Amino acid sequence: MILPFARLGRSISAVVRTETDRCPGVLAVHKAADGGLARVRLPGGLLTVAQFDVLRQAADELGDGRLELTSRGNVQVRGLTGDGPRELSQRLYDAGLLPSITHDRVRNILASPLSGLDSDSRYDVLPVATAVDHALCARRKLAELPGRFLFALDDGRGDLAGVRADVLVRALDDREAVLTLGSSGVRVTWSDAADVMIAAAKAFLKVRSGQEWRIAEVPDGEARILDRLGLEPTVEVPTATTTVDAGRHGDDALVVTVPLGSLGQEQAAVVADVADEIRLTPWRSMVLRVRSDPAERLDGVGLVTKPDSPWNGVTACAGRPGCAQALADVRADARRVTPRLPRHGQPVHWSGCDRRCGKPAGEFVDVLAVGNGYVIDGERMGLR
Ligand code: SF4
């Protein structure tokens, strides 16, 4: 719980936390009602097909068989029992998916998933995401970052403008970008971008009291960090945003929505068969680099390759039986109801309780279980 309060003479609020940072990782497995839950960080959402197959097999042999895509472009394996967590960490380490023991939970780096693959991309930010990841893991102190601290690199199209990153860099062109830590913009060159992002994270650790997880929670955090870095806001923060729809983008990229972000074995096997490269997005979809047109095969196993599908934009928390707090099996209810509806103009999120885990950033249709039905945007509804 966050308790806001005002300090004498200043209209600021600080944070007093009554809970510890329990973000799961590969090594910090969360005990869920359906067994252990491990979250695998994938900076930039990037996966080779071989790595994806390691995850698929691990879910099959050690977990509940499914890969769960998260709102930060990461992947979760759940239903781990017995020696499963140890075996999983060994497999991920061998596959290069656990490059740092100490920094497992802090490698939260989003990058525009279509970067470099279509004409909307002003700059290929994926190499910068990799550089930030390496620099992060190389600095021992940065292992102290909270598991929720988020870096994001937007290739200029505005798809990550609304993800509420702590440190966001957005391309202006192939030479320059805008850094923002909240509301104001600082012009940076691409050659400096990774260093400045890391410096901002280090400065956050200096200015926080120890209890804040995000820059926005630190009183005057943005201004104090910029001051420490010797930076002054010089440019407007671009406000244009866009979304990335399912379907073909550019010559060889196919965006595939995974209904409710839950990928089964048969679906994963088809993905591994048709893709040359896989990028997970923060919207429970995947960008596949493909040579031919595999849409029919993907549609055939229940994945979504069309922008008008009602599954686009629909997400759900774990719900029952995975979460002990859940008041309903929200995924089963969403699976029953969603195919009967047209695609909604806004994201739709189903939650098993009012914590609303995994809810989208920005405006969304709020479908909340209340024990004996659902409340949709505050109004009780019967869902049959
Ligand atoms: S929103 Fe509630 S029910 Fe859903 S996963 Fe979070 S805590 Fe569990």
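All of these numbers come straight from a predicted model, not from anything done at the bench.

Cut-offs and rules
Residues numbered from 1 in each chain as written. Predicted model: local features only at pLDDT ≥ 70, side-chain atom pairs only at ≥ 80, totals over all residues. Heavy atoms only, no water. Buried < 20%, exposed > 50% of the residue type's maximum accessible area, 1.4 Å probe, protein only. Helix = DSSP H or I, 4+ residues; strand = E, 2+ residues; numbered from the N terminus. Pairing = 2+ DSSP bridges. Right-handed = clockwise from strand over helix to strand, strands pointing away. Near = heavy atom within 4 Å. Nonpolar A, V, L, I, M, F, W, Y, C, P; charged D, E, K, R; others polar. Lys, Arg positive; Asp, Glu negative; His and termini not counted. Salt bridge = Lys/Arg side-chain N within 4 Å of Asp/Glu carboxyl O. Polar contact = N/O pair within 3.5 Å; in protein donor to acceptor, adjacent residues only side chain to side chain. Contact = heavy atoms within 4.5 Å. Axes fitted to C-alpha atoms, helices over the stretch in contact; angles between N-to-C directions. Parallel < 35°, antiparallel > 145°, perpendicular 65-115°, else oblique. Left-handed = near helix turned anticlockwise from the far one by under 90°. Core = buried A, V, L, I, M, F, W, Y, C linked by side-chain atoms within 4.5 Å.

Draft legend 1. Layout of the pairing of strand 9 (residues 151-154). Alternating residues of strand 9 divide into Phe151 and Leu153 and Ala152 and Asp154, and every residue in both groups is buried. Note: strand 8 (residues 109-111) against strand 9, three bridges, orientation parallel. Looking at strand 9, one finds that Ala111 is bridged to Leu153. Read as a crossover between parallel neighbours, the route from strand 8 over helix 3 (residues 126-138) to strand 9 is left-handed.

Draft legend 2. The site of the ligand, seen in detail. Every residue near the ligand is listed here: Cys317, Ala318, Cys323, Gln325, Ala326, Gly352, Cys353, Arg355, Arg356 and Cys357. Residues belonging to the shell around the ligand are distributed by class as follows: six nonpolar, two polar and two charged.

Draft legend 3. Structural view of the side chain of Asp154. Mapped onto the fold, Asp154 is located in strand 9. Buried charge without a partner: Asp154 forms no salt bridge, and the closest opposite charge is Arg170, 4.4 Å away. For Asp154, the side chain forms a polar contact with the main-chain nitrogen of Gly156, separated by 2.8 Å. Among the polar contacts made by the side chain of Asp154, one reaches the main-chain amide nitrogen of Leu160 at a distance of 3.0 Å. Each residue touching Asp154, except ones within four places of it in the same chain, is listed here: Ser112, Val125, Asp159, Leu160, Ala161, Leu168, Val169, Arg170 and Ala171.

Draft legend 4. Spatial organisation of the pairing of strand 19 (residues 348-351). Burial along strand 19 is two-sided: the face carrying Val348 and Trp350 and the face carrying His349 and Ser351 are both buried. Pairing of strand 18 (residues 314-316) with strand 19, which is carried by three bridges, proceeds in the parallel orientation. In the strand pairing of strand 19, Ala316 is matched with Trp350. Viewed along the sheet, the connection from strand 18 through helix 8 (residues 330-337) into strand 19 turns out left-handed. Here four bridges tie strand 19 to strand 20 (residues 365-369), and the two strands are oriented parallel to one another. In the sheet register, Ser351 faces strand 20, and the bridge partner there is Leu368.

Draft legend 5. Region of the structure containing the pattern of salt bridges. Counted by the stated rule, this structure contains 22 salt bridges. Arg157 is the salt-bridge partner of Asp155, the closest N and O atoms lying 2.8 Å from each other. Take Asp155: its relative accessible area is 0%, and that puts it in the buried class. Given a relative accessible area of 10%, Arg157 falls into the buried group. In this structure, Arg297 engages Asp273 in a salt bridge whose closest nitrogen and oxygen atoms are separated by 2.9 Å.

Draft legend 6. Geometry of the packing of helix 1 (residues 49-62) against helix 2 (residues 84-94). Following both chains from N to C, one finds helix 1 and helix 2 inclined at 165°, their axes separated by 11 Å at the closest point. In this view, helix 1 runs roughly antiparallel relative to helix 2, as classed from their interaxial angle. Between helix 1 and helix 2 lies a crossing of right-handed hand. From helix 1, Val54, Leu55, Gln57, Ala58, Glu61 and Leu62 reach across to helix 2, where they touch Gly84, Glu87, Leu88, Arg91 and Leu92. Here the contact of helix 1 with helix 2 is built from residues that sort into six nonpolar, two polar and three charged.

Draft legend 7. Structural context of the nonpolar core. Counting residues in each nonpolar core, the largest one holds 39 residues, and the members touching the most others are Leu145, Phe151, Leu153, Val167 and Trp190. Looking at this core, the elements with two or more residues in it are strand 8, helix 3, strand 9, strand 10 (167-171), strand 11 (176-180), strand 12 (185-189), helix 4 (190-207) and helix 5 (221-229). The element that contributes the greatest number of residues to this core is helix 4, accounting for twelve residues. Residue contacts for Trp190: discarding those within four places in its chain leaves Tyr123, Val125, Val128, Leu153, Val169, Ala171, Asp173, Asp174, Arg175, Glu176 and Ala177. Val49, Leu88, Leu98 and Leu280 belong to the second largest nonpolar core, which has 38 residues in total.

Draft legend 8. Highlighting helix 6 (residues 265-274). Inspection of helix 6 places Gln267, Ala268, Val270, Val271, Ala272 and Val274 among the buried residues, and these make up the whole buried set. Here the buried face of helix 6 lies against helix 1, strand 15 (262-263), strand 16 (277-280), strand 17 (285-289) and helix 7 (295-300).

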